[in-house]
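# A closer look at the structure
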Amino acid sequence: SGIGILDLANPSSQLVMFDTPGIAYGVAFNSDASLVYVADGNGGVKIVSIANLNSPAQIGNLSTSGIQRSIAYSNGYVYLADQVGRLVSVNVSVPSAPVQTGSLTLGRFAFHVAVDGNIAVVLDSDSVNDYLDVINIANPAQPARLNTGTVGGSLGITKGIALIGGRVFIATTA
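These notes cover the structure that comes with them. Source: prediction; values computed, not measured. (Residues numbered from 1 in each chain as written. Predicted model: local features only at pLDDT ≥ 70, side-chain atom pairs only at ≥ 80, totals over all residues. Heavy atoms only, no water.)

### Notes on the overall build of the chain
Within the chain one finds zero helices and 16 strands. The C-alpha radius of gyration of the chain comes to 16 Å, within 12% of the 16 Å expected for a compact globule of 174 residues. Dimensions along the principal axes, computed over C-alpha positions, put the chain at roughly 45 × 35 × 30 Å. The long-range fraction of contacts in the chain, counting pairs at least 24 apart against all pairs at least 6 apart in sequence, stands at 38%. For the chain, the accessible area works out to roughly 8300 Å², and carbon and sulfur atoms hold 53% of it. Across the chain, the 7 positively charged side chains and the 10 negatively charged ones have centroids separated by 6 Å. (Helix = DSSP H or I, 4+ residues; strand = E, 2+ residues; numbered from the N terminus. Rg over C-alpha atoms; globule rule 2.2 N^0.38 Å. Contact = heavy atoms within 4.5 Å. Areas by Shrake-Rupley, 256 points an atom, 1.4 Å probe, with all protein chains shown as cover. Lys, Arg positive; Asp, Glu negative; His and termini not counted. Charge placed at Lys NZ, Arg CZ, Asp CG, Glu CD.)

### Looking at the nonpolar core
Y79, L87, V113, V122, I135 and I137 are the most contacted members of the largest nonpolar core, which totals 14 residues. Those elements giving two or more residues to this core turn out to be β8 (77–82), β11 (109–116) and β12 (119–125). Leaving out residues up to four positions away in the same chain, L87 has contacts with Y79, L80, G102, S103, L104, L106, V113, A120, V122, I135, I137 and P143. Counting 13 residues, the second largest nonpolar core, distinct from the first, contains A28, V45, L62 and L80. (Core = buried A, V, L, I, M, F, W, Y, C linked by side-chain atoms within 4.5 Å. Buried < 20%, exposed > 50% of the residue type's maximum accessible area, 1.4 Å probe, protein only.)

### Side note on the packing of aromatic side chains
Per the counting criterion, the structure on display carries two aromatic pairs. Taking the ring centre of Y131 as reference, the NZ or CZ of R108 above it sits at 3.9 Å. (Phe/Tyr/Trp six-rings, centres within 6.5 Å; stacked < 30°, edge-to-face > 60°. Lys NZ or Arg CZ within 6 Å of the ring centre and 35° of its normal.)

### Re the sheet that holds strand β5 (residues 45–49)
Spatial ordering of the open sheet is given by β3-β4-β5-β6, a layout of four strands whose pairing is antiparallel. Sheet topology places β3 (26–29) and β6 (57–62) at the edges, where each strand pairs with a single neighbour. Direction aside, neighbouring strands of the sheet carry axes that sit 25° apart on average. Summarising the sheet, β3 and strand β4 (residues 35–39) pair through four bridges and their orientation is antiparallel. Bridge assignment links V27 to a residue of β4, and that residue is V38. (Pairing = 2+ DSSP bridges. Axes fitted to C-alpha atoms, helices over the stretch in contact; angles between N-to-C directions.)

### Focus: the sheet that holds strand β7 (residues 68–74)
Strands sit in the order β7-β8-β9-β10 across an open sheet of four strands; the sheet is antiparallel. Strands at the two margins of the open sheet, each flanked by one partner only, are β7 and β10 (99–105). With strand direction ignored, the average angle separating the axes of adjacent strands in the sheet is 20°. Examined bridge by bridge, β8 and strand β9 (residues 86–91) share six bridges and lie antiparallel to one another. Looking across to β9, one finds that V78 is bridged to V90.

### Focus: the pattern of salt bridges
Evaluation of the coordinates by the stated rule reveals four salt bridges. Where D82 meets R86, a salt bridge forms, and the shortest distance between an N and an O atom there is 2.8 Å. Here the two residues D82 and R86 agree in accessibility, since each one is buried. Across the pair R108 and D133 runs a salt bridge, and its minimum N-O distance is 3.1 Å. A residue pair is termed long-range when its members are at least 10 positions apart, and R108 in the loop between β10 and β11 and D133 in strand β13 (residues 130–136) qualify at 25 residues. (Salt bridge = Lys/Arg side-chain N within 4 Å of Asp/Glu carboxyl O.)

### Details of unusual backbone geometry
The backbone of A33 sits at a positive phi, close to 60°, despite the residue not being glycine. Locating A33 in the fold gives a position in the loop between β3 and β4. One non-glycine residue, N75, lies in the positive phi region at around 50°. Considering the arrangement of structural elements, one finds N75 in the loop between β7 and β8. Here N75 falls in the exposed class, since its relative accessible area comes to 62%.

If you want it as structure tokens, here you go:
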């Protein structure tokens, strides 16, 4: 498993595959799209340079506990939705040496994360419901839950999330 890269500016280009050792569940980019951050399941976080699209190269790695299911980037940090029930913050300002700086225990299985400014939102589930957690990430070392609530009233309906301009958009099957 890993990531696939296709250069749409070149119609004759081939899909370039880059293998990561875990199961790649999600990707995020830095602000100039020169680096890809991969939520690599139980493989933690992989940082891949795509300066040369035809020859991606892993330049950083951080092993984390749990299963990393989703990833979002903001201001030199990536935020991971950990299936074992945490939001994990990682400083990636030095791509070759990422450092876990903080985490917040959510108490439920976390599957999707999105960030905008100093706010992160996480979709998570227990055995009965899906939930939305709103988290202050102004201090990445100490993420703090601001609010939580159920989404849709039943388990398994949330499939994705986006956050922009103070608005949350949730993909559901409901």
